[in-house]
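A closer look at the structure
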Amino acid sequence: MSLKYLSEKQVNEMLDMNTCIGLMKDVFTAFAEGKMENKLRSVFPLQAGNVFGIMPAVIPFEEVCGAKLITVFPSNHSKGLSSHLGVVAVFSAGDGQLLGLCDGTAITAIRTGAVSAVATEYLSRKDSSTMCLIGGGVQADMHLKAITMVRDIKRVTIWCPTLSESEKFCKKHKAEYPHIEFIPCENCADAVKDADIINTVTPSTVPVLFGEWVKKGAHINAVGACSKTARELDSQCVAKAKLFCDNYDSCRNEAGDYLFPLNEGVINESHLLGDLGEVVSGKVVTRTSDEDITIFESQGLACEDVVCAAWLLKQ
Ligand SMILES: NC(=O)c1ccc[n+]([C@@H]2O[C@H](COP(=O)([O-])OP(=O)(O)OC[C@H]3O[C@@H](n4cnc5c(N)ncnc54)[C@H](O)[C@@H]3O)[C@@H](O)[C@H]2O)c1
């Protein structure tokens, strides 16, 4: 039997963002209905801050199980490689057969933007029209694509460690989004201050977003910090916001953005108000005022990857 394998190019061609947003809504609805099993990832540190991760999940409603194997090498771009390289394997939960493999780089990229779009649709103000990107890599591209599908964005500000990277990002996207004004910023506070939606998409281990910069009514997708020793948000930012996560276990075990302020005593455990399944299914109260600040803390879940791969392998 020949094994089905979908390359990065094939995944990018087949898994359009709109479809993926729909798949991610299904994932979190299934979570809320108790129809999803997800285990914490195992992460092996490699040299120089790089990591190898294994992310397993069982998807009962698709009758599949599977896992993503992924390496994260943040400085890989200098070698012309992606910072995230991996594969998602899908097995039949009926007879145990390996159904196929899909490139994990493309799935990770697309599903992460899609999950933030779901969170943004349910948590941000409906009239949100200005968006800030902190970081200008793959996830900045994906968040631009995904968030513009759920909100009518008219202005995008971006801050990267160098102004030239921010300028390059704006130049790259201007033609595709002619109705959006793109503003590269030299200073992160300037990029943030008028934004209705803020996305932190960096591998920084120390805060890049400070609460004092965030305007009333903003929604934040905190995406980049996926370990207990890394954070992108300062404690004040988390304290002044309504906090939601993708998954309680992941947030309580892996999210520095939550664990740093918790361990400092700036917030307590009741500050975490719900997971995305509860948000999507209306089981928790979310925004009650146009002045509320909301945070979606994204760790990234194996079930997101396996659902995408299972869908791709069925096409
Ligand atoms: N939550 C999730 O599900 C999920 C999924 C994929 C990636 N991620 C994480 O999101 C982050 C971004 O991923 P990506 O694929 O866009 O990476 P990338 O390497 O393509 O881009 C990273 C961006 O961050 C900037 N940057 C690097 N170091 C920085 C620092 N110290 N401070 C501020 N900015 C810095 C870079 O200049 C670049 O613009 C990574 O930490 C990654 O692990 C999370």
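Just so it is clear, the model here is predicted, and its values are computed rather than measured. (Residues numbered from 1 in each chain as written. Predicted model: local features only at pLDDT ≥ 70, side-chain atom pairs only at ≥ 80, totals over all residues. Heavy atoms only, no water.)

1. Some words on the site of the ligand
Close contacts around the ligand come from 25 residues, with His77, Arg111, Gly136, Gln139 and Glu165 the closest. A distance of 3.4 Å separates an oxygen atom of the ligand from a polar side-chain atom of Ser83. Gln139 has a polar backbone atom sitting 2.8 Å from an oxygen atom of the ligand. Contact with the protein chains hides 83% of the accessible area of the ligand, taken as 860 Å² for the molecule alone. (Near = heavy atom within 4 Å. Polar contact = N/O pair within 3.5 Å; in protein donor to acceptor, adjacent residues only side chain to side chain. Areas by Shrake-Rupley, 256 points an atom, 1.4 Å probe, with all protein chains shown as cover.)

2. A closer look at the packing of helix α2 (residues 17–32) against helix α11 (residues 302–314)
It is at 10 Å that the axes of α2 and α11 come closest, and there the two elements cross at 125°. What the angle tells us is that α2 and α11 run oblique. At the point where α2 passes α11, the crossing takes the right-handed sense. The segment α2 lies against α11, with Thr19, Cys20, Leu23, Met24, Val27, Phe28 and Phe31 engaging Cys303, Glu304, Val307, Cys308 and Trp311. (Axes fitted to C-alpha atoms, helices over the stretch in contact; angles between N-to-C directions. Helix = DSSP H or I, 4+ residues; strand = E, 2+ residues; numbered from the N terminus. Parallel < 35°, antiparallel > 145°, perpendicular 65-115°, else oblique. Left-handed = near helix turned anticlockwise from the far one by under 90°. Contact = heavy atoms within 4.5 Å.)

3. Regarding the state of the cysteines
Among covalent bonds in proteins, the disulfide is the one between the sulfur atoms of two cysteines. Following the criterion strictly, the structure yields zero disulfides and no others. Here Cys245 is not disulfide-linked; the sulfur of Cys251 is the nearest cysteine sulfur, at 4.6 Å. (Disulfide = S-S within 2.5 Å.)

4. Remarks on the pattern of salt bridges
A complete count under the given rule lists 16 salt bridges for this structure. Two residues, Glu62 and Lys314, come together in a salt bridge whose shortest N-O distance is 2.8 Å. Taken together, the residues Glu62 in the loop between β4 (51–59) and β5 (64–72) and Lys314 in helix α11 connect sequence positions 252 residues apart. Given the relative accessible area of 55%, Lys314 is considered exposed. The partner of Arg125 in a salt bridge is Asp127, with the nearest N and O atoms 2.8 Å apart. In this structure Arg125 comes out as buried when scored by relative accessible area, which is 11%. A single network of salt bridges, built from pairs that share partners, joins Lys68, Arg111, Glu304 and Asp305. (Salt bridge = Lys/Arg side-chain N within 4 Å of Asp/Glu carboxyl O. Buried < 20%, exposed > 50% of the residue type's maximum accessible area, 1.4 Å probe, protein only.)

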